[in-house]
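Chain by chain, the residues:
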Amino acid sequence: MMQKFIFFFIMISIPLCTYCQIATLYGNIRDEVNMPLKSVSIKLSSTGNIFLSNETGDYEIEIPSDKNVTVTFSFVGFENYEKLVHLNPGQRYPLYVIMVSKPIIINDVTVQNQEIRDQAGMVKIDPKNFAALPSASGGVEAILKVLGAQSNNELSSQYSVRGGNFDENLVYVNDFEIYRPYLTRSGQQEGLSFINPDLVSSLQFSAGGFQSKYGDKMSSVLDVDYKKPVRFGGSASISLLGGSLTLEEASKDQRFTLLIGARYKSNQYLLNSLPTKGDYHPSFSDFQTYLTYDISDKISLEGIANYSGNTYQFVPDSQVTTFGTIKTTLRLRVFFDGQEIDRYTNAMGGIALNYKPVKNLHLKFLASAYKDREDETYDILGEYFLGLVNNSFGSSGFGNVLFSLGVGGDQEWGRDFLDASVVKLEHKGFYTSANHYVQWGLGINREENSYNLSEWSHIDSAGYSLPYSTSSVFLQNVIRNTFNITSFRYSGYLQDAWTLNAEKDFILNAGARFTYWDFNRQFLISPRAQVSYQPRWKHDLVFRASVGVYDQPPFLRELVDLYGNIHPGVLAQRSVQFVVGTDYNFKIWDRPFKFVSEIYFKKLTDLNPYELDNVRIRYYGLNDATGFAEGIDLRLNGDFVKDAESWISISWLKTKENLIDDFDYSFTFDTTFNENNSVHDITTDTTIVHPGYIPRPSDQRINFGMFFQDYIPGNENFKVHLSVLFGTGLPTGPPDHFRDRDTLRLSPYRRVDIGFSYLLLDGKKEKNLQSKLWHNFKSSWIDLEVFNLFGVSNEISYSWVKTTDNAVFAVPNYLTSRRINLRLVVNF
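Keep in mind that this is a model prediction, so the values were computed, not measured.

**Section: the overall build of the protein chain**
When helices and strands are tallied, the protein chain shows six helices and 48 strands. The buried share among the 828 residues of the protein chain stands at 53%. Across the protein chain, contacts joining residues at least 24 apart in sequence account for 68% of those joining residues at least 6 apart.

This is the structure:
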């Protein structure tokens, strides 16, 4: 009996002792822009065994305990990462690895960013390459404008893509959807965008044809990932336009990470260059934090929070605008009384739970809340004088006003208040197998909006109130309404990325979304598919195409028409998109380059027509138009100068719409503008004309963007950064709400910004590493920026001045002129 007991004790002790002699190392492997890396080789120095990470970058391996073990992580295209570990018996130790990319040339082919090339329209961006991009507005959106997103306003972070408007763009930060303000009417009111560029690790941007996992918008998606720190660090910057502070920290075992960012901006310096002089007092600030915590190797938490407080105060004084032609030059002089006070306060918070029950299954549960309060109050009276300017060279009165064409006044009054909130619950799932990558999601939104709208204007020309009456004073554009909307929105998606052959160079992604909004009771299904093929040619070329339905259910703005009335029956706008393109990697001068080309066509139905003034969008509140958008996008990026990446993009676009119920009299359809931007009404004709297809407000035919970097040979510490933007004029017309009269075009947008940066401190140098004072600093640099280098007067909109003889003059409103900015940045 005793012998049996001893034998049994020995048998159970063997595995226990074996367990006591090992430890466990686990974690996740990502690249420097926070994308997971699969099939990374993990080699142990003690045994020589090699393990591989799974599809989501996770790994878990057993290593010997009580001894030094060197663990080496290696992957094609990345620098090797080594870590020396010494673990106790039975210890579980987390090790999260960030691998740094290293382009490798194989048979004239650059291997880089392969995981994004199978997605039509998608581009992956490392924000570090754009850190010194000279931009008046700053922010991540400035990068998109260089990559082909249209924008004719350097004061605004808004952008349009392939004929869409500002409301048609999706923005995500770590899977949390971000919302833009509602009431802003001009770029100088906007302040800071939600995305803090100092916190960003990677950007993915699609100009169309994106996958089903992204939401219900018709134009584009910007998918942002915030950093996951590995150690303490941060940055600080200060300039004539504001400042920022960023801190990051990670615990020793890297289970807990924390990001904190604070920003302050005041663009008063820029606004003082506008034609309208006065007291500008803008103040924009925000605070953000992003944190993660790994409860175990299978469960982790992440949270995000943001608070933003923006105030815009303006007391106008005067404005002088000279316009027209060499032959006929006009001058408008305006004296103002009154003020504008706008306040925008919003807060957002979200938390996500990640659960990985098995290595190829990832479940994510998200909850978020968004709260927005916007107040716009203004009462501004402008007394104007319009005159003809003496433009005869050599005349003693050259440049002076010869005589008056009209005098009058224009009063704008408004009291607009908005309270909006969105509470969202969502689940996302990911499942991987040998040839499939399945993703799904379900979400529910509770949306509550309270809107108090009250606006009017009054025009007095030459002592007469317009429209003229001997007995009454009439107000124009009177809008008064108050409404409250509470609704629920349901959505979901299912998609599968399927590798169709053994070589894994032929990939099909197919899926569909559904959405239901109980306010208009519309249920929608939006199927989408993308395919990519990389032939085994000598050249590294990927062909890709996509087709899909992109439905955009209305939100608050689409329900309110031009007169402030709400239309509960407004349905979703629909875009059926076809995209084909190529992605080509090649070498010039032994340096990597990428060329991407895409041709697209959008069939647009159930359109809700809108008018655009500066950045303010006002909808008709009806689904009474059809349309189309077609074009081509070309983009080239690479090291034109060694180790200094540059980007060039050029786009051609045509987008038109046909309002179903529109008609006009012949005299309005044939409206022409004289050389001095004036027009006279003609006697009404009874002939009715149907205009047919007319340009949409976003019909910008040619768009060009470039970001070029260079440095002094032999002194890479001194660099030059050049940003060039060009866009042909957008359609515009008189503010009479007749879309077919928008036959006038703004002047082309032309802007060149340049920056000169000098590296003051390089923390990688040996002398700085050994210095007690400087060894904690990574880098420090100073940047001198010149905005609008050539001082071009770009038009953003027109003010329409009317006289008693019914003559109407289109007076251009110009954007900012040349300004110099000085910026100091310290990274630690």
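**Side note on the sheet that holds strand β6 (residues 81-85)**
Spatially, β3-β2-β5-β6 is the arrangement adopted by the four strands of the open sheet, whose pairing is antiparallel. Two strands close off the open sheet at either side, each with one partner strand: β3 (50-52) and β6. Across this sheet, the average inter-strand angle for adjacent strands is 20°, counted without regard to direction. Judged from the five bridges that link them, strand β5 (residues 69-74) and β6 form a sheet pairing that is antiparallel. Along β6, the bridge assignment pairs Val71 with Lys83.

**As for the pairing of strand β18 (residues 256-265)**
Residue alternation in β18 divides its side chains into a buried set, Thr257, Leu259, Gly261, Arg263 and Lys265, and an unburied set, Phe256, Leu258, Ile260, Ala262 and Tyr264. Counting the residues between successive antiparallel strands, the hairpin from strand β17 (residues 242-250) to β18 contains five residues, one of them, Gln254, with a positive phi of roughly 60°. Judged from the ten bridges that link them, β18 and strand β19 (residues 276-294) form a sheet pairing that is antiparallel. Across the sheet, the residue bridging to Tyr264 is Ser285, located in β19.

**A closer look at unusual backbone geometry**
Although it is not a glycine, Asn174 sits at a positive phi angle of roughly 50°. Considering the arrangement of structural elements, one finds Asn174 in the loop between β12 (169-173) and β13 (176-177). With a relative accessible area of 5%, Asn174 lands in the buried category. Despite not being glycine, Arg521 has its phi angle at roughly 55°, a positive value. The residue Arg521 is located in the loop between β27 (506-517) and β28 (522-533) in this model.

**Quick look at the nonpolar core**
Counting residues in hydrophobic clusters, the biggest one holds 53 residues, and the most contacted among them are Ile125, Ile195, Phe205, Leu222 and Tyr226. With four residues, helix α2 (residues 141-146) is the single largest residue contributor to this core. Excluding residues that lie within four positions of it along the chain, Ile125 makes contacts with Phe130, Ile143, Leu144, Leu147, Ser202, Leu203 and Phe205. Residues Ala23, Val71, Phe73 and Leu95 belong to the second largest nonpolar core, which totals 19 residues.

**Some words on the pattern of salt bridges**
Evaluated as defined, the whole model comprises 39 salt bridges. Of the charged contacts, one joins Glu426 and Lys424 as a salt bridge, the two residues approaching to 3.9 Å between their closest N and O atoms. No difference in accessibility class separates Glu426 from Lys424, as the two residues are buried. For Asp736, the salt bridge identified is with Arg741, shortest N-O distance 2.8 Å. Each of Arg162, Arg544, Asp583, Lys594, Glu598 and Asp633 takes part in a single network of salt bridges with overlapping partners.

**Section: a nonpolar patch on the surface**
Residues Ile238, Leu240, Tyr758, Leu760, Ile782, Leu784, Ile820, Leu822 and Leu824 make up a contiguous nonpolar surface patch of about 770 Å² in total accessible area. Those elements giving two or more residues to the nonpolar patch turn out to be β44 (749-762), β45 (779-787) and β48 (819-827). No other element matches β48, which puts three residues into the nonpolar patch. Position of Ile782 relative to the elements: it lies in strand β45.

**A short note on the environment of Asp505**
Checked against the element boundaries, Asp505 lands in the loop between β26 (476-499) and β27. By relative accessible area, Asp505 is classed as buried at 11%. Counting along the chain gives 28 residues from Asp505 to Tyr533, while the straight-line C-alpha distance between them is 5.6 Å. When sequence neighbours within four positions are dropped, the list of residues in contact with Asp505 reads Ser532, Tyr533, Gln534 and Arg536.

Rules behind the numbers
- Residues numbered from 1 in each chain as written.
- Predicted model: local features only at pLDDT ≥ 70, side-chain atom pairs only at ≥ 80, totals over all residues.
- Heavy atoms only, no water.
- Helix = DSSP H or I, 4+ residues; strand = E, 2+ residues; numbered from the N terminus.
- Buried < 20%, exposed > 50% of the residue type's maximum accessible area, 1.4 Å probe, protein only.
- Contact = heavy atoms within 4.5 Å.
- Pairing = 2+ DSSP bridges.
- Axes fitted to C-alpha atoms, helices over the stretch in contact; angles between N-to-C directions.
- Core = buried A, V, L, I, M, F, W, Y, C linked by side-chain atoms within 4.5 Å.
- Salt bridge = Lys/Arg side-chain N within 4 Å of Asp/Glu carboxyl O.
- Patch = residues over 30% accessible without salt bridge, like charges linked within 9 Å, V, L, I, M, F, W, Y side chains within 5 Å.
- Areas by Shrake-Rupley, 256 points an atom, 1.4 Å probe, with all protein chains shown as cover.

Scope: geometric values only; no functional claims are made or implied.
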